Amino acid sequence: PSVSGLLRFLSLIRRNIMTMRQVKQIYSAPNPHWVGNGFSMSTVFSYKENAEQYSPFLLMDYAEPTLFKPVTNARGVGTHPHRGFETVTIAYQGEVSHHDSTGHAGTIAEGDVQWMTAASGILHKEYHSEKMTKEGGMLEVVQLWVNLPSAYKMVQPRYQALKAQDIPHVQLPNAQGYVRVIAGDYANTSGIAMTYSPLNLWDVCLNHAGTSHYAIPEGHNAMVFVVKGAIHLNNSDIVRQHEIAILDTHGDTLTLGSMGDAIVLILTGEPINEPVVGQGPFVMNTQQELLQAFDDYDNGKFGMMD
Ligand code: MN
């Protein structure tokens, strides 16, 4: 065989072994807005702009580090409903408490994750913990809305309190840091969250310069949000603090280069190829189901809050 034929053959093999997930777009989290009086949130992405690109994720809110002074009454968001999806709250700094109409209540502190399946419907309140209210302090959180396939939109609500110490850690080579596997799989380690569709949620904590690799399932939508620091993707694109990179849907490998301290949230998921019809706290598949949600809420069918 000719030399050029051999090279073509080798590049074909290489492509079959590993294909880089290219970066499609990088942008900054927009300016924050107040959610209730407790959360200064920036909506990093929303299904309102492009449901297909982010599916199964619907929305990502990020509350950048904000210092709260001690007060008497807990700041937060008052009673409100949800139906048709899950809310996933990650506490990076500070403490958030919650209680809902199914009787679940809890507080998440640094590193903890709350995975709440609203599904057929809940009422809940989200607010600063009693300790944070009394003592004040920094608050930094991410809240994701994860869509449910139509078959699960009306199942019973579920509540998963994922404690930091129970979330599996995978150490990265050369003491660069570790990956917290919140959901899905990383390097043969399974996350602890139960999900209704295939997705990965990796919280990457880096404390040293280095390079790490991530297998991204073919066909999954994928996003990389830089909570802290700055990183390189695929040895080329720089993603800075509070920027998000939207990746191409093809390719199976992402390379992340860090220059030092960084926290990076990687989201990947199999798209749910169904219509998304949402308004306010409800996300359904049809206009009829959305109207039904408002109707059920007006008629007190979302339960009671004490
Ligand atoms: Mn809520």
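Conventions we followed
Per chain, residue numbering runs from 1 following the sequence as it is written. For this predicted model, a pLDDT threshold of at least 70 governs which residues receive local features, and a threshold of 80 or more governs which side-chain atom pairs are given and counted, while totals over whole chains, interfaces and linings are taken from all residues. Values reported for side chains reflect all heavy atoms of the structure, with hydrogen atoms and water molecules removed beforehand. Throughout this description, the term salt bridge denotes a Lys or Arg side-chain nitrogen within 4 Å of a carboxyl oxygen of Asp or Glu. Secondary structure is summarised from DSSP: a helix means a run of H or I of at least four residues, a strand means a run of E of at least two, and numbering begins at the N terminus for each. For each residue, the accessible area found with a 1.4 Å probe, counting protein chains only, is set against the maximum for its type, and the residue is called buried under 20%, exposed over 50%, and partly exposed in between. Pairs of strands are assigned from DSSP output, requiring at least two bridges between the strands. For helices, the axis comes from a line fit to the C-alpha atoms of the stretch in contact; other axes are also lines fit to C-alpha atoms, and the angle between any two N-to-C directions lies between 0 and 180 degrees. The contact criterion used throughout is that any non-hydrogen atoms of two residues lie within 4.5 Å. Nitrogen, oxygen and sulfur within 2.8 Å of a metal are treated as its donors, or within 3.2 Å for sodium, potassium and calcium (Na, K, Ca); water is not counted, so a site can appear incomplete.

A.B. asks: Sorry if this is basic, but what is going on with the pattern of salt bridges here?
C.D. replies: Where charged atoms from two side chains of opposite charge approach closely, those side chains can pair. One pass over the structure, following the stated rule, counts six salt bridges. Here D296 makes a salt bridge to R83, at a shortest N to O gap of 3.1 Å. Residue D296 is located in helix 4 (residues 287–298), and its partner R83 is located in the loop between strand 5 (76–82) and strand 6 (85–93); the two are separated by 213 residues in the primary sequence. For R83, a relative accessible area of 4% translates into the label buried. D296 is the salt-bridge partner of K301, the closest N and O atoms lying 3.9 Å from each other. Residue classification places K301 among the exposed residues on the basis of a relative accessible area of 58%. The buried category is assigned to D296, whose relative accessible area is 8%. Through salt bridges with shared partners, a single ionic network connects R83, D296 and K301.

A.B. asks: Explain the sheet that holds strand 24 (residues 261–269) here, please?
C.D. replies: Note on sheets: strands pair through backbone hydrogen bonds, and any given pair is parallel or antiparallel. Taking strand neighbours across the sheet as the criterion, the seven strands line up as 1-22-19-24-17-14-13 in an open arrangement whose pairing is antiparallel. Lying at the two open borders of the sheet, with one neighbouring strand each, are strand 1 (23–28) and strand 13 (169–171). The mean inter-strand angle of the sheet, taken between neighbouring strand axes irrespective of direction, is 20°. The sheet contact formed by strand 1 and strand 22 (residues 243–247) spans five bridges and is antiparallel. Looking at the pairing, I26 lines up with A245 of strand 22. Its contacts with the sheet put helix 2 (residues 47–54) on strand 1, strand 19 (221–228) and strand 22, and the angle it makes with strand 19 is roughly 120°.

A.B. asks: How should I be thinking about the sheet that holds strand 18 (residues 210–215) in this particular structure?
C.D. replies: Pairing is antiparallel in the open sheet, where four strands are placed in the order 18-23-20-21. Each of the sheet's edge strands pairs with one partner strand only, and the pair in question is strand 18 and strand 21 (237–239). Recorded for the sheet is a direction-independent mean angle of 30° between the axes of neighbouring strands. With three bridges joining them, strand 20 (residues 231–233) and strand 23 (residues 253–258) adopt antiparallel strand pairing. Each bridged residue has a counterpart across the sheet, and for H232 the counterpart in strand 23 is G257.

A.B. asks: How should the coordination of the manganese ion be read in this particular structure?
C.D. replies: Ideal values differ by geometry: the angle at a metal is 109.5 degrees with four tetrahedral donors, but 90 or 180 degrees with six octahedral donors. Coordination of the manganese ion by the protein involves H80 (NE2), H82 (NE2), H124 (NE2) and E126 (OE), with metal-donor separations of 2.1 to 2.4 Å. The sequence pattern describing where the donors of the manganese ion fall on their chain is H-x1-H-x41-H-x1-E. Taken together, the residues span a long stretch of sequence, with H80 in strand 5 and H124 in strand 10 (residues 122–128) at a distance of 44 residues. Taken individually, H80 and H124 each receive the classification buried, so the pair is uniform in this respect.

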